[in-house]
Amino acid sequence: MLRPGCRPRPLPAALAALSLAVLAACGGGNDDAPAVAAASTPAARPLVIAHRGASGYLPEHTLEAYAKAIEMGADFIEPDLVSTKDGVLIARHEPMLDATTDVAERPEFASRRRTLKVDGIDTTAFFASDFTLAEIRTLRAKQAFAERDPSHNGRYQVPTFEEVIALAKSRSAALGRTIGVYPETKHPTWHEEQGLPLEDRLLAALAAAGWTSADAPVFIQSFEQANLKKLRAKTRVRLVQLVDADDVDPRTGAITYAAPYDRPYDWTKSGRSGSFGDLLTPAGLDEVRTYADAIGPWKRYLVTVKATLDAGGNPVDVNADGQVNEADFRAVADDTIVRNAHARGLKVHTWTFRNEPRRLAASYANDPAKEYAQFFAIGVDGVFSDFPDTAVAARDAWVAAQK
Ligand SMILES: [Ca+2]
């Protein structure tokens, strides 16, 4: 899924003047214990959704990364879906292949690089929609994050959605437990503009697997809204409205919005105003419940981060590492959205959980389990993690502690 992960984010204007390198939103921390607001009803056993597979360890969206996630105990594996030129759904985080494959090193494909508008933004890249599946098969996956182990680069292929489903089914049978799939339609409006709409092929693949009902081990997620409404008319499989944002202003903890992460792209296309956060108000949740079964808000909507401020009102580099990022911030929870969602019968699955110290708020004292526990305590029903072993251990410990 999940578009942002830890994408480079522009700084809020008032912070750009800081002499320190400021990386908001993707880290965290202070020395305070995690704060929890009012009590809500925690899930009995929150789901662990392996974000792009065990992507903290192996190149994302490969059968090897999904298999490792299953080995680690994940309940769901999470393929993002894009289309090839010949209309096959493959697992990639983006239609742009540059960051997660070796395509740029293949001279035979050099002429394919071109500029297209993606959700209104000029983007120069190698697009999956310009490659047949046979051509995609010749590529090899690579680790998307510079800070993670590159030793598996160049070894694994890009899988089709059908292969991901087959893996989930074969491992479920072998292990005697159900492993679900949690596909995301990536840029559905853009795919439609390319003449390669995703939705019917996604439903056909699920139907071929026998997965057409609300109790199928499937959640379909999207940041856009119109495609989910269309899907609701065609399937009872559970649907998830993802809710993005641009960043957090660490001086206040307030969510910030900037294009293209400010609203579902289909709203921009159709002229609907507003921002993603509107979907999480009581009125927004009333709308979401008409077509979806769950919401998937960025985790900062539920637990925000706040900086320690100096006399000038600027964030302090608390751990004195020369950078101001999440590792300097306090994590502050508020269960209002979770309670309002639950009151409407909507589950809450949030993202993305990562082990790297710079991505952990200071409140967690470098222990990712403390972050999971804070979210479980406010009632989230599922977490997307790049490190499913850590997430499963934290979940199991948390569940055991509730008894
Ligand atoms: Ca710091």
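Since this is a predicted model, take the numbers as computed values, not measurements.

**Q** I'd like to hear about the pattern of salt bridges, residue by residue, with values.
**A** Overall, the coordinates contain 30 salt bridges when judged by the stated rule. With its nearest N and O atoms 3.3 Å apart, the salt bridge here joins Asp75 to Arg45. Of this pair, Asp75 sits in the loop between helix H1 (63-71) and strand S3 (76-78) while Arg45 sits in the loop between strand S1 (21-23) and strand S2 (47-51), and the two are 30 residues apart along the sequence. Here Arg45 falls in the partly exposed class, since its relative accessible area comes to 45%. Between Asp130 and Arg114 there is a salt bridge, and its shortest N-O distance comes to 2.8 Å. Here Arg114 lies in strand S6 (residues 114-118) and Asp130 lies in the loop between strand S7 (121-125) and helix H2 (133-137), a separation of 16 residues in the sequence. By relative accessible area, which is 14% here, Asp130 ends up buried. Three or more residues joined by partner-sharing salt bridges are found here, namely Glu147, Arg148, Arg354, Glu356, Arg358, Arg359 and Asp386.

**Q** Describe the pairing of strand S11 (residues 238-243), and please don't skip the residues or the numbers.
**A** Taken across its six residues, S11 has five buried, putting it largely inside the fold. As paired strands, strand S10 (residues 219-222) and S11 are joined by four bridges and run parallel to one another. Bridging across to S11, Gln221 finds its partner in Val240. Note on the crossover from S10 through helix H6 (residues 226-232) to S11: the handedness is right-handed. Pairing geometry for S11 and strand S14 (residues 294-297), over four bridges, is parallel. Note on S14: the bridge partner recorded for Leu242 is Gly296.

**Q** Would you mind going over the packing of aromatic side chains in detail, with residue names and values included?
**A** This structure, assessed with the given rule, holds 13 aromatic pairs. A ring pair is formed by Phe109 and Phe131, whose centres lie 5.0 Å apart and whose planes are at 70°; its orientation type is edge-to-face. Here Phe109, found in the loop between strand S5 (89-91) and S6, pairs with Phe131, found in the loop between S7 and H2; they are 22 residues apart in sequence, far enough to count as distant. Residue Phe109 is classed as buried on the basis of its relative accessible area, which comes to 6%. With a centroid separation of 5.5 Å and an interplanar angle of 55°, the aromatic rings of Phe376 and Trp398 are classed as tilted. Of the two residues, Phe376 is situated in helix H10 (residues 368-377) and Trp398 in helix H11 (residues 388-401); the sequence distance between them amounts to 22 residues. Here the basic side chain of Lys68 rests over the ring of Tyr57, its NZ or CZ set 6.0 Å away from the ring centre. The ring of Phe131 carries the charged tip of Arg112 above its face, separated from the ring centre by 5.0 Å.

The rules behind each value
Residues numbered from 1 in each chain as written. Predicted model: local features only at pLDDT ≥ 70, side-chain atom pairs only at ≥ 80, totals over all residues. Heavy atoms only, no water. Salt bridge = Lys/Arg side-chain N within 4 Å of Asp/Glu carboxyl O. Helix = DSSP H or I, 4+ residues; strand = E, 2+ residues; numbered from the N terminus. Buried < 20%, exposed > 50% of the residue type's maximum accessible area, 1.4 Å probe, protein only. Pairing = 2+ DSSP bridges. Right-handed = clockwise from strand over helix to strand, strands pointing away. Phe/Tyr/Trp six-rings, centres within 6.5 Å; stacked < 30°, edge-to-face > 60°. Lys NZ or Arg CZ within 6 Å of the ring centre and 35° of its normal.

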